[in-house]
Amino acid sequence: MADALAAAADDAGSSSLIDRLDQVRVTQGTWGYADPARWVADEVGATQARSYLGDVGILQTAVMGDAAAAIASGSADVIAVVGGEAKYRGLRASITGIEAPDTDQGGAEPDDFVTPHGMIISRAEIDTGLVMATHHYAMIENARRFADGQSIEEHRDEVAGLWARFAQVAAANPDAWFRDGLDAAAIATPENGNRMLAWPYTKWHNSQWNVDQAAALIFCSAGTARALGISSDRWVFPWAAAESNHMVPVTERPELHRSPGFAYAGRAVADHVGMAPSEAGHVDLYSCFPIAVRTQALELDIDLDRDLTVTGGMTWAGGPLNNYVIQAAVKMAQVLRADPVSTGLLTSISGMITKQGASVWSAEPPTQPFANLDVTDAVAAELQPKPYRTGDNETAEVVSYTVIWGRDGPERAVVIGEFADGARTLLVSAVPAVMAATVAGEFCGRHVIAGADGSFTPTD
């Protein structure tokens, strides 16, 4: 991360940016450093800068949007936003048996620590073992297939084809982590190391976090840039950012395949900049899983057939836990510098499409001042959670489902059911015949008997 920040200053053409840093903002990764921004600031010689740590669950749009807002208001002169991951280093250490210790920061604490309010995953989901993003996103994906009226085969081919297009973008991106350019058949077929994780997702449908990557952005005012002699061909302007922090667990969402937060965030930035999201010249949709991209395209009215990423996405370009949008913003800045009259749309997600963010950027200055918009209240007014309860020998309709795989095969089927009174429930079965039945054909819309122990039995 320190190297990335130094490189950002070099890219701008002014090391004086480091000398004038008011704050270094770092987004939390899989590492356990208590005050990484302080270490980064000290390493580059910005000992005067305040340190900031954004916890997992804080939208990366918010981290960047708040930095831009502070610059716009004049409350800060220069702010760096930095993220990084070294999970591949840890993987190699495990494989080789070579120790890879973390730097000891003692009892350090950041000057500013921002953490989300509330839980991304409900207690019922945790108790059922739905703790991995793969499980939740697979169920959202299956709900979308049912809503679209697609067959299993049609859906499989569409999703794999989308991800193959992302792989091709990554193949041409020198900063991407995986540049093999896998085709749709390789992505869809669970063989050659591409094991099934949560049906219908294989390994190559998933964000990959075993990477060593870092990125940094430096925010300052145009006046500061001029004073430091930074050439205007280095400038990229944030025009607007919008976020929703209304949190509803996947199990309790009225429609699993929809995300009102993106619709509201998209309209908010569109109203401010006078341009619909679909009109952006370049787009990078947050791409932790195919359904994340497909949901955003639906809510933002963006054609799925257009280019949807400038990096190659989180499976191929690199998907650090809490750094991807910063990486995408760096790549978008490069794209916009090369196409200075165009605009770029960046989106972000926290959790299981739980929080939503969107921002618009351009190498051209905006026609009105930057706006940092919050649509949380509007989303909360529309998105009311379904009640949750358990059942005892009671019929429930399957809203969505998945089968979770281990390395040796399928381990359990998980169903989100809805009772006649509209309440939701989570049910599990490890019976081989039941697991086989859930993936043999469309299981959404079918009915099951909910047992008092949280198990289920198909009725049709």
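Refer to the structure printed above.
Below, the structure is looked at part by part. (Residues numbered from 1 in each chain as written. Predicted model: local features only at pLDDT ≥ 70, side-chain atom pairs only at ≥ 80, totals over all residues. Heavy atoms only, no water.)

Regarding the overall build of the protein
At step 1: Counting its regular elements, the protein contains 16 helices and 17 strands.
At step 2: Computed over its C-alpha atoms, the radius of gyration of the protein comes to 23 Å, within 12% of the 23 Å expected for a compact globule of 460 residues.
At step 3: Counting over 460 residues, the protein shows a buried share of 55%.
At step 4: Within the protein, contacts between residues separated by at least 24 positions form 76% of all contacts whose residues are at least 6 apart in sequence.
At step 5: Element-wise, carbon and sulfur atoms account for 50% of the exposed surface of the protein, whose accessible area totals about 18,400 Å².
At step 6: Side-chain charges of the protein comprise 31 positive and 58 negative groups, with the mean position of each set lying 2 Å from the other. (Helix = DSSP H or I, 4+ residues; strand = E, 2+ residues; numbered from the N terminus. Rg over C-alpha atoms; globule rule 2.2 N^0.38 Å. Buried < 20%, exposed > 50% of the residue type's maximum accessible area, 1.4 Å probe, protein only. Contact = heavy atoms within 4.5 Å. Areas by Shrake-Rupley, 256 points an atom, 1.4 Å probe, with all protein chains shown as cover. Lys, Arg positive; Asp, Glu negative; His and termini not counted. Charge placed at Lys NZ, Arg CZ, Asp CG, Glu CD.)

Structural notes on the pattern of salt bridges
Think of it this way: side chains of opposite charge can pair up when their charged atoms draw near.
At step 1: For the structure on display, the rule yields 19 salt bridges.
At step 2: Across the pair Arg123 and Asp127 runs a salt bridge, and its minimum N-O distance is 3.2 Å. Of the two residues, Arg123 and Asp127 both sit in helix 6 (residues 123–128), four residues apart, roughly one turn of that helix.
At step 3: When the shortest N-O distance is used, the salt bridge between Lys386 and Glu418 registers 3.5 Å. Of this pair, Lys386 sits in the loop between helix 15 (376–382) and strand 13 (394–406) while Glu418 is found in strand 14 (residues 409–418), placing the two residues 32 residues apart along the sequence.
At step 4: Several salt bridges converge on common partners, so that one network encompasses Asp11, Asp233, Arg234 and Arg337. (Salt bridge = Lys/Arg side-chain N within 4 Å of Asp/Glu carboxyl O.)

Notes on helix 16 (residues 432–440)
At step 1: Of all the positions in helix 16, only Val434, Met435 and Thr438 are classed as buried. Along the axis of helix 16, the buried positions cluster into a sector of 100°, meaning they face one direction only. When the buried face of helix 16 is taken as reference, the exposed residues oriented beyond 90 degrees from it are Pro432, Ala433 and Ala440.
At step 2: Here the buried face of helix 16 lies against strand 13, strand 14, strand 15 (424–429) and strand 17 (456–458). (Arc of directions from axis to C-beta.)

Considerations on the sheet that holds strand 1 (residues 21–27)
Consider a sheet: its strands pair through backbone hydrogen bonds, and that pairing is either parallel or antiparallel.
At step 1: The strand order across the open sheet formed by five strands is 4-2-1-3-7, and the pairing between neighbours is mixed. Each edge of the open sheet is held by one strand with a lone partner, namely strand 4 (112–114) and strand 7 (212–220). On average, each strand axis in the sheet is inclined to that of its neighbour by 15°, with strand direction left out of account.
At step 2: One ladder, built from five bridges, connects strand 1 with strand 2 (residues 50–54); its direction is parallel. Following the sheet pairing, Val24 is matched in strand 2 by Ser51. (Pairing = 2+ DSSP bridges. Axes fitted to C-alpha atoms, helices over the stretch in contact; angles between N-to-C directions.)

Notes on the pairing of strand 10 (residues 343–350)
The side chains of a regular strand alternate between the sheet's two faces.
At step 1: When you tally the buried positions in strand 10, you get eight out of eight residues, the bulk of the element.
At step 2: Taking every second residue as pointing to the same face, both faces of strand 10 are buried, with Thr343, Leu345, Thr347 and Ile349 on one and Gly344, Leu346, Ser348 and Ser350 on the other.
At step 3: Here strand 9 (residues 282–284) pairs with strand 10 via three bridges, running parallel. Bridging from a neighbouring strand, Asp284 pairs with Leu346 of strand 10.
At step 4: Here eight bridges tie strand 10 to strand 11 (residues 355–362), and the two strands are oriented antiparallel to one another. Across the sheet, residue Ser348 finds its bridge partner in strand 11, namely Gly357.
At step 5: Counting the residues between successive antiparallel strands, the hairpin from strand 10 to strand 11 contains four residues, one of them, Gly351, with a positive phi of roughly 75°.

Here's the deal with the packing of aromatic side chains
Two numbers describe a pair of aromatic rings. These are the distance of the centres and the angle of the planes.
At step 1: Counted by the stated rule, this structure contains 13 aromatic pairs.
At step 2: Measuring from centroid to centroid gives 5.2 Å for Phe178 and Trp204, while their planes differ by 80°, and the two rings are edge-to-face. With a gap of 26 residues between them, Phe178 in the loop between helix 8 (152–171) and helix 9 (184–188) and Trp204 in the loop between strand 6 (201–202) and strand 7 connect regions that are remote in the sequence.
At step 3: Here the aromatic rings of Phe219 and Trp361 are separated by 6.3 Å at their centres, their planes lie at 50°, and the arrangement is tilted. Taken together, the residues span a long stretch of sequence, with Phe219 in strand 7 and Trp361 in strand 11 at a distance of 142 residues. You'll find Phe219 and Trp361 in the same group, each marked buried.
At step 4: An aromatic cluster of at least three residues, connected via ring pairs, comprises Trp199, Tyr401, Phe443 and Phe456.
At step 5: Residue placement shows Arg25 over the ring face of Tyr52; its charged tip is 4.1 Å from the ring centre.
At step 6: The aromatic ring of Trp209 is capped on one face by Lys87, whose charged end is 4.7 Å from the ring centroid. (Phe/Tyr/Trp six-rings, centres within 6.5 Å; stacked < 30°, edge-to-face > 60°. Lys NZ or Arg CZ within 6 Å of the ring centre and 35° of its normal.)

Examining the nonpolar core
At step 1: Core analysis: the largest hydrophobic core is formed by 64 residues, its most contacted members being Leu5, Leu21, Val24 and Leu345.
At step 2: With seven residues, the top contributor of residues to this core is helix 8.
At step 3: Here Leu345 is in contact with Pro277, Ala280, His282, Val283, Asp284, Leu285, Leu300, Ile302, Met332, Ala358, Ser359 and Val360, once residues within four sequence places are set aside.
At step 4: Formed by 56 residues, the second largest nonpolar core is a distinct cluster that contains Val63, Ile120, Phe370 and Leu426. (Core = buried A, V, L, I, M, F, W, Y, C linked by side-chain atoms within 4.5 Å.)

Considering helix 11 (residues 260–273)
At step 1: Its 14 residues give helix 11 an end-to-end C-alpha distance of 20 Å, which sits within 8% of 20 Å, the value for a rise of 1.5 Å per residue.
At step 2: Of all the 14 residues making up helix 11, eleven are buried; the element is thus mostly covered by neighbouring parts of the structure.
At step 3: Taken together, the buried positions of helix 11 are Pro260, Gly261, Phe262, Ala263, Ala265, Gly266, Ala268, Val269, Ala270, His272 and Val273.
At step 4: Looking at the packing, one finds that the buried side of helix 11 touches strand 8 (237–244), helix 12 (290–300), strand 10, strand 11, strand 12 (371–374) and helix 15.
At step 5: One or two positions beyond helix 11, positive phi appears at Gly274, with a value near 70°. (Expected span 1.5 Å × (residues − 1).)

Describing the packing of helix 7 (residues 133–148) against helix 12
At step 1: The interhelical angle for the contact between helix 7 and helix 12, taken along N-to-C directions, is 50°, at an axis separation of 9 Å. Relative to helix 12, helix 7 is oriented oblique. Judged by the twist between their axes, the crossing of helix 7 over helix 12 is left-handed. Where helix 7 abuts helix 12, its residues Tyr137, Ile140, Glu141, Arg144 and Asp148 lie against Pro290, Ile291, Ala292, Arg294, Thr295 and Leu298.
At step 2: Across the contact of helix 7 with helix 12, the residue classes tally to six nonpolar, one polar and four charged. (Parallel < 35°, antiparallel > 145°, perpendicular 65-115°, else oblique. Left-handed = near helix turned anticlockwise from the far one by under 90°. Nonpolar A, V, L, I, M, F, W, Y, C, P; charged D, E, K, R; others polar.)

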